[in-house]
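# A look at the structure
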Amino acid sequence: MKSDFVITILLSLVIFLFFNLVDAFENIYHLTREHEEYEIDELFLLLLSFPIPLAWFAFRRALEEKKSVKERILLEKNLAHAQKLESLGTLAGGVAHEINNQLLPIITMAELIEKNIDQSDVNRRKIELILAAANNAKNTISKIKTFSRADNQLSSHCDISDVCQEIRELINITKPSNVTFSFQVDEIMGMVHLSADRLQGIIINMINNAFDALEGKIGEVSMRVNAIYVEEENKLPELVAGKYARIIINDSGIGMSSTVKEKIFDPFYTTKEVGQGVGLGMSAVYTSIKLAGGEVHVDSVEGEGTSIIAYLPLKKDE
Amino acid sequence: MAHILVIDDDELVLESITIGLEENGYEVSTAINGEKGLKLIKKNSFDLVITDLIMPVKEGIETILEAKKNNHDLKIIAISGGGRTSGYDYLQMAEKLGANRILQKPFSISQLIMEIDQILK
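Residues numbered from 1 in each chain as written. Chains lettered and ligands numbered in written order. Predicted model: local features only at pLDDT ≥ 70, side-chain atom pairs only at ≥ 80, totals over all residues. Heavy atoms only, no water.

## Re the overall build of chain A
In plain terms, the rule: The way it works is that DSSP assigns letters per residue, a run of H or I at least four long becomes a helix, a run of E at least two long becomes a strand, and they are numbered from the N terminus. Here the open area of atoms and residues is found with the Shrake-Rupley method and a 1.4 Å probe, where only the protein chains shown may cover a residue.
Of regular secondary structure, chain A possesses eight helices and seven strands. Carbon and sulfur atoms make up 57% of the accessible area of chain A, which totals about 19,100 Å².

Quick look at the structure:
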């Protein structure tokens, strides 16, 4: 703002001097032809020299205004999204509590019956199925609890490079044959505010989603992890300035429509077939990253592929 | 035979734990909230109390604090299905405020028996 004002004054002076110069030439021109009555008043010239920089100044203000409105809309949108996820988290926590209570009689009673019937009993397999289904439900609830922030994860931290190396080995063994997987991780980065298990869960979830995006066709998935400094001047609106680990998972899959992109972190939102996921993976990823002080973004073009970019603050040396 | 008090507002949970404990040779009393549980604790001598945390009338953490105030040596296992409204871990809070063991619901009877054996040995 202050610099705009200084530039306006300087520009006005330059224009004023320019007009004076023109006036001087005109004077010489008219003097040679004896037409002195055309001399321009200097005060008039000074007034004439202001509108141009003022117009430039107003134009710059209008541009800045437009930019700040855009930023405000983006922040409001992010806030509304965060509020929506928080309400869903509260709801999910309540649901998890109720279902955990309801599962207890099923698991305990099935367990007691299983203990008391013979291996050859016709009902044995039925009881085993009840127990297996109840334990699957228990695992689903455990994921819901992650989303609802019912798990305390901030008490631990881990070395991100070590975890990434473990993931590399795991993915190389388990990746589907249609996928070419590339891996590039900086060797020394530091600690993040997540347990090793949780961080591994987050990254594997992101990679599995990338594999699924290829829909069985031949394609590429890459994982890049490096340390970056986020500066105050050019930072993303949701991040504070500082050192971050940036995890980028790229895939050459089907990409996402704007609707899918908007809902990707909502709990129970899934584009997968029935039985292939309940839509809790990415919401758990989102919550874990947020709780660790980070941020996650999605860049995707339908038909071309997707990049999921996660920022995790690196722990300061103590 | 050890005498155990189970406090839980969910009657199905209460009955299931009772059946599981009785089949394993324990004597069991029950209460459907912390207030009724505390009345029983004052009248009887229990070897162990198993209490839920989120309950109407008197919730579990308050129950643990009052029970421990009356009898500091009373053994307590806190059980819970998790937080209802926030990320606060009620079980960890219960452990800090006097519960000897904590168990996340749903658990199996064998898990519960293992915890009881550890606590009463």
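## Quick word on the pattern of salt bridges
A side chain with one charge may pair with a side chain of the opposite charge, provided their charged atoms come close. Worth spelling out the cut-off: Salt bridge, as applied in this entry: a Lys or Arg side-chain nitrogen positioned within 4 Å of an Asp or Glu carboxyl oxygen. The buried label goes to any residue with under 20% of its type's maximum accessible area, the exposed label to any with over 50%, and the partly exposed label to all in between, with areas taken from a 1.4 Å probe on protein chains only.
A complete count under the given rule lists nine salt bridges over all chains for this structure. For the salt bridge of E128(A) with R124(A), the shortest nitrogen-to-oxygen distance reads 3.5 Å. Of this pair, E128(A) and R124(A) both sit in helix 4 (residues 124-147), four residues apart, which is roughly one turn of that helix. A relative accessible area of 27% places E128(A) in the partly exposed class. Between E66(B) and K58(B) there is a salt bridge, with its nearest N and O atoms 2.8 Å apart. Judged by its relative accessible area of 12%, K58(B) is buried.

## Digging into the sheet that holds strand 1 (residues 3-7) of chain B
Residue and element names in this part refer to chain B. Using the following cut-off: Strands are treated as partners if at least two bridges between them are detected by DSSP. Between the N-to-C directions of two axes lies an angle of 0 to 180 degrees, each axis being a line fitted to C-alpha atoms and, for a helix, fitted only over the stretch in contact.
Across the sheet, which stays open at both edges, the five strands sit in the order 2-1-3-4-5 with parallel pairing between neighbours. If you trace the sheet from one side to the other, it starts and ends with strand 2 (27-31) and strand 5 (101-104), each paired once. Across the sheet, the mean angle separating the axes of adjacent strands is 20° when strand polarity is ignored. Relative to strand 2, strand 1 runs parallel, the two being bridged by five bridges. Its bridge partner lying in strand 2, V6 is registered against T30.

## Notes on unusual backbone geometry
In this structure, P106(B) follows K105(B) across a cis peptide bond, with omega equal to -5°. Residues other than glycine seldom take positive phi values, yet E215(A) does so here, at roughly 50°. Within the secondary structure, E215(A) is located in the loop between helix 6 (196-213) and strand 4 (219-230). One non-glycine residue with positive phi stands out, namely V57(B), at about 70°.

## Remarks on the packing of helix 2 (residues 34-43) of chain B against helix 3 (residues 60-70) of chain B
All names here are of chain B. Cut-off, in case you're wondering: Should an angle fall under 35 degrees it is called roughly parallel, over 145 degrees roughly antiparallel, and 65 to 115 degrees roughly perpendicular, with every other angle called oblique. Whether a crossing is left-handed or right-handed is set by the direction in which the near helix is turned from the far one by less than a right angle, anticlockwise for left-handed and clockwise for right-handed. Between two residues, a contact is recorded if the distance between any of their heavy atoms is within 4.5 Å. Residues are sorted three ways: Asp, Glu, Lys and Arg are charged, Ala, Val, Leu, Ile, Met, Phe, Trp, Tyr, Cys and Pro are nonpolar, and all the rest, Gly among them, are polar.
Following both chains from N to C, one finds helix 2 and helix 3 inclined at 15°, their axes separated by 10 Å at the closest point. Taken together, helix 2 and helix 3 sit at an angle that is classed as roughly parallel. With respect to the hand of their crossing, helix 2 and helix 3 are arranged in right-handed fashion. Residue-level contacts link G34, L38, I41 and K42 of helix 2 to T63, E66, A67 and N70 of helix 3. Among the residues making up the contact of helix 2 with helix 3, the classes are represented as three nonpolar, three polar and two charged.

## Section: the sheet that holds strand 7 (residues 305-313) of chain A
Residue and element names in this part refer to chain A. In space, the five strands of this open sheet follow the order 2-4-5-7-6, with mixed pairing throughout. Only two strands of the sheet have a single neighbouring strand rather than two, namely strand 2 (179-185) and strand 6 (295-301). Geometrically, the sheet is characterised by an average inter-axis angle of 15° between neighbouring strands, direction not taken into account. Pairing between strand 6 and strand 7: seven bridges, direction antiparallel. Within strand 7, the residue paired with D299 across the bridge is S307.

## Some thoughts on the packing of helix 5 (residues 160-174) of chain A against helix 6 of chain A
The description of two packed helices rests on the angle between their axes and on the distance between the axes. Residue and element names in this part refer to chain A. Running from N to C, helix 5 and helix 6 point in directions that differ by 45°, and their axes come no closer than 10 Å. For the element pair helix 5 / helix 6, the angle class is oblique. For helix 5 against helix 6, the interelement crossing comes out right-handed. Note on element contacts: helix 6 touches helix 5 through A196, L199, Q200, I203, I204, I207 and F211, opposite I160, V163, C164, E166, I167, L170 and I171. For the contact of helix 5 with helix 6, a count of residues per class yields twelve nonpolar, one polar and one charged.

## A word on the state of the cysteines
Stated precisely, the cut-off is as follows: In plain terms, two cysteine sulfur atoms within 2.5 Å form what is called a disulfide here.
Summed over the entire model, instances satisfying the criterion amount to zero disulfides over all chains. Counting only cysteine sulfurs, C164(A) is the nearest neighbor of C158(A), a cysteine outside any disulfide, at a range of 8.7 Å.

## Re the pairing of strand 2 of chain A
Taken residue by residue, a regular strand's side chains alternate between the two faces of the sheet. Residue and element names in this part refer to chain A. Side chains V179, F181, F183 and V185 project from strand 2 onto a buried face, and the interleaved T180, S182 and Q184 project onto a face without burial. As defined by bridge partners, strand 2 adjoins strand 4 across seven bridges and the pair is classed as parallel. Paired with T180 across the bridge in strand 4 is E220.

## Here's the deal with the packing of aromatic side chains
Aromatic ring pairs are reported here in terms of the distance separating the ring centres and the angle at which the planes meet. Residues and elements named next belong to chain A. Formally: Ring pairs are drawn from Phe, Tyr and Trp, using the six-membered ring of Trp, whenever the two centres fall within 6.5 Å, and their geometry is named by plane angle: stacked under 30 degrees, edge-to-face over 60, tilted for the rest.
The full count for this structure, using the stated rule, is one aromatic pair over all chains. Their ring planes at 80° and their centres at 6.3 Å tell us that F181 and F211 sit as a pair that is edge-to-face. Note that F181 is positioned in strand 2 and F211 in helix 6, a separation of 30 residues in sequence. Like F181, the residue F211 is buried in the burial classification.

## A look at the confidence of the model for chain B
All names here are of chain B. Spelled out, the test is: pLDDT measures the predictor's confidence residue by residue and takes values from 0 up to 100.
Taken as a whole, chain B shows an average pLDDT of 88; of its residues, 94% reach a score of 70 or greater. Here helix 4 (residues 90-96) stands out as the least confident element of chain B, with mean pLDDT 82; strand 1 is the most confident, with 96. Counting contacts from residues 84-88, a segment whose pLDDT is below 50, to residues more than four positions away or on other chains yields 16 contacts. Our summary of model confidence lists the complex with pTM equal to 0.53 and ipTM equal to 0.81.

## Description of a nonpolar patch on the surface
To be explicit about the condition: Patch building starts from residues that exceed 30% relative accessible area and form no salt bridge, then joins like charges within 9 Å and nonpolar side chains (Val, Leu, Ile, Met, Phe, Trp, Tyr) within 5 Å.
A contiguous nonpolar surface patch, about 460 Å² in accessible area, is contributed by F5(A), V6(A), I9(A), L10(A) and L13(A). Its location among the elements puts L10(A) in helix 1 (residues 2-32).

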